[in-house]
Amino acid sequence: MGYRQQSQLKKIIAQTIIGFFACFILSAFLVSKKITFIQEAVPTTAENNLPLIFNQDDSKDEENPELVQEISENIIGFDDITYQETVQTTPKTITKVTPELLKQMENVDFLKQNYYLVDSRTALLEGDIKPQQFLEKDFSIDNSGQEPKVLIFHTHSTEGFIDSDMSKDMSEGIWGVGEELKNILENKYGISVLHDTGRYDIVDGKGKILGAYERMEPPIQKILNENPSIQVVIDMHRDGLPENVHLITNINGKQCAKVMFFNGMCRLNKDGVPQPTAGLSNENLEDNLAFSLQMQTTAQSLFPDFTRRIYLHAYRYSLHMKARSLLIEVGSQMNTKEEAHNAMEPLAEVLANVIKP
């Protein structure tokens, strides 16, 4: 190869190398500009300064509602990932009972002063309440499927409020309050509810409270047999108190009737000696007591002035059919319908915290 040919070859090689480096530098410049554009367009978190390219709530960017979504899809493509929408669930509240409080709760007198109101016809004995064991019980339900998980009924369906017109229909009284609880549990917490329409305190068209619990049991047991998915049973009442007592508290800016959980001890004082109630045993008594205590302590954590002390009476009432059975008194005859209905929002939240997985 001659000198001139060698010189031309060297020139070609040099031009090729220069062209290669020029292309490399230009490509790097363009990529840098694209990354800068994306970082400017996509909101970043203050915590880690990372682009929120996977956030499904980017449409809240009022200046450019579609831009972030479009960039996100172009970067990874939704077909390249498995996407599952975040389901909003109620966080499970862990009742804050300190070791010191737990120790105090082992004392019956402390329990009577702070947690229980004991009717004179029964007795609360040492060992009836096992605070640590009761608070550690898991009352979570299986909430899968569309079948009802909660049954609400009213042994005394004719109980009304100060502004109720019970001549209209059931919704004027305690049944209407139960319907409100049903709607909140279903619509807000995704818990399916069956609300019974039985009138157990009416016989031949006339009000008759005596014998209502005996009349209630066969149809309610039939409902439970036909719906094995039901795991929580609520017998909802309205209390009867002196007319100068108004059970009211303010929760989230709303006037709410106070509620009270009620347990039957299946124990009757006879001549000052507590004895089992003949023919009215309850194999679910311990679970009933644990369930109401968890409801009470959870309510105290969430809404400190919402509940009265748990009332303990002698008989078993309607609490023996399920471990997760509650008898709840909502306000009194001196509360308004609105106050009773307002109370269902905090009550639903308390219940959801106790029973949702």
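Residues numbered from 1 in each chain as written. Predicted model: local features only at pLDDT ≥ 70, side-chain atom pairs only at ≥ 80, totals over all residues. Heavy atoms only, no water.

Visitor: Could you give an account of the overall build of the protein, naming the residues involved and the relevant values?
Guide: Each helix and strand in the protein was counted, giving ten helices and 13 strands. Looking at the protein residue by residue over its 357 residues, the buried ones come to 43%. Across the protein, contacts joining residues at least 24 apart in sequence account for 76% of those joining residues at least 6 apart. Summing over all exposed atoms, the protein offers an accessible surface of approximately 20,200 Å²; the carbon and sulfur share of this is 52%. (Helix = DSSP H or I, 4+ residues; strand = E, 2+ residues; numbered from the N terminus. Buried < 20%, exposed > 50% of the residue type's maximum accessible area, 1.4 Å probe, protein only. Contact = heavy atoms within 4.5 Å. Areas by Shrake-Rupley, 256 points an atom, 1.4 Å probe, with all protein chains shown as cover.)

Visitor: Describe the pairing of strand β11 (residues 273–276), listing the residues and the values that go with them.
Guide: Bridge analysis of strand β10 (residues 267–270) against β11 gives four bridges, and the strand direction is antiparallel. When the sheet's bridge partners are listed, Asn269 is paired in β11 with Pro274. Here β10 hands over to β11 after two residues, with Asp271 in that stretch at a positive phi of 55 degrees. (Pairing = 2+ DSSP bridges.)

Visitor: Report on unusual backbone geometry, specifying residues and quantitative values.
Guide: Positive phi, close to 55 degrees, is recorded for Asn252, a residue that is not glycine. For Asn252, a relative accessible area of 71% gives the class exposed. Phi at Cys266 is positive, roughly 55 degrees, even though this residue is not glycine. Relative to the assigned elements, Cys266 resides in the loop between β9 (259–264) and β10. Of the residues examined, Cys266 reaches a relative accessible area of 10% and is grouped as buried.

Visitor: Provide a residue-level description of the confidence of the model for the protein, including the pertinent values.
Guide: Detailed conclusions should not be drawn from predicted coordinates in areas where pLDDT is low. Taken over all residues, the pLDDT of the protein has a mean of 81, while the share at 70 or more is 73%. When the criterion is pLDDT under 50, residues 29–94 qualifies, and its contacts beyond four places in sequence or with other chains add up to 46 contacts. (pLDDT = per-residue confidence, 0-100.)

Visitor: Tell me about the pairing of strand β6 (residues 232–239), and name the residues and values.
Guide: The buried fraction of β6 amounts to eight of the eight residues, a majority that puts the element mostly inside the structure. Both faces of β6 are covered, namely the face carrying Val232, Ile234, Met236 and Arg238 and the face carrying Val233, Asp235, His237 and Asp239. Here strand β2 (residues 150–153) pairs with β6 via four bridges, running parallel. The residue bridging Phe153 from the neighbouring strand is Asp235, located in β6. As judged from the seven bridges shared by β6 and strand β13 (residues 324–332), these two strands associate in the parallel manner.

Visitor: Quick rundown of helix α6 (residues 174–189)? Include the residues and the values.
Guide: Spanning 16 residues, α6 covers 22 Å between terminal C-alpha atoms, matching the ideal 22 Å at 1.5 Å per step. Structurally, α6 contributes buried residues whose contacts are with β2, β3 (193–195), β6, β13, α9 (337–342) and α10 (344–355). (Expected span 1.5 Å × (residues − 1).)

Visitor: So what about the nonpolar core? Which residues, and what values?
Guide: By size, the foremost hydrophobic cluster in this structure holds 55 residues, and its most contacted members are Ile234 and Val330. Once residues within four sequence positions are removed from consideration, Ile234 is found in contact with Val150, Leu151, Ile152, Phe153, Leu181, Leu326, Ile328 and Leu351. Counting 17 residues, the second-largest nonpolar core is a separate cluster that includes Leu151, Tyr311, Leu319 and Leu327. (Core = buried A, V, L, I, M, F, W, Y, C linked by side-chain atoms within 4.5 Å.)

Visitor: Any details on the pattern of salt bridges? Residues and values, ideally.
Guide: A pair can form between side chains of opposite charge whenever their charged atoms are brought close. A full pass over the atoms with the stated rule returns twelve salt bridges. Among the salt bridges present, the one from Glu172 reaches Lys337, with a minimum N-O distance of 3.1 Å. In this pair, Glu172 is assigned in the loop between β2 and α6 and Lys337 in helix α9, connecting sequence segments 165 residues apart. For Lys222, the salt bridge is made with Glu226, and the minimal N-O distance between the two is 2.5 Å. Separated by four residues within a single helix, Lys222 and Glu226 lie in helix α7 (residues 212–226), roughly one turn from each other. The class for Lys222 is partly exposed, based on a relative accessible area of 48%. (Salt bridge = Lys/Arg side-chain N within 4 Å of Asp/Glu carboxyl O.)

Visitor: Please provide a residue-by-residue account of the side chain of Arg238, values included.
Guide: By the element assignment, Arg238 lies in strand β6. Within the buried set, Arg238 has no salt-bridge partner at all; the shortest N-O distance to an opposite charge, 5.0 Å, is to Glu159. A distance of 2.7 Å separates the side chain of Arg238 from the backbone oxygen of Gly160, its partner in a polar contact. Apart from residues no more than four positions distant in its own chain, Arg238 is found in contact with Glu159, Gly160, Phe161, Ile174, Glu329, Val330, Gly331, Ser332 and Gln333. (Lys, Arg positive; Asp, Glu negative; His and termini not counted. Polar contact = N/O pair within 3.5 Å; in protein donor to acceptor, adjacent residues only side chain to side chain.)

Visitor: Please provide a residue-by-residue account of the environment of Ser144, values included.
Guide: One can find Ser144 in the loop between α5 (131–136) and β2. The spatial distance from the C-alpha of Ser144 to the C-alpha of Gly190 is 10.0 Å, given a sequence separation of 46 residues. Within polar-contact distance, the side chain of Ser144 engages the side chain of Asp142 at 2.7 Å.

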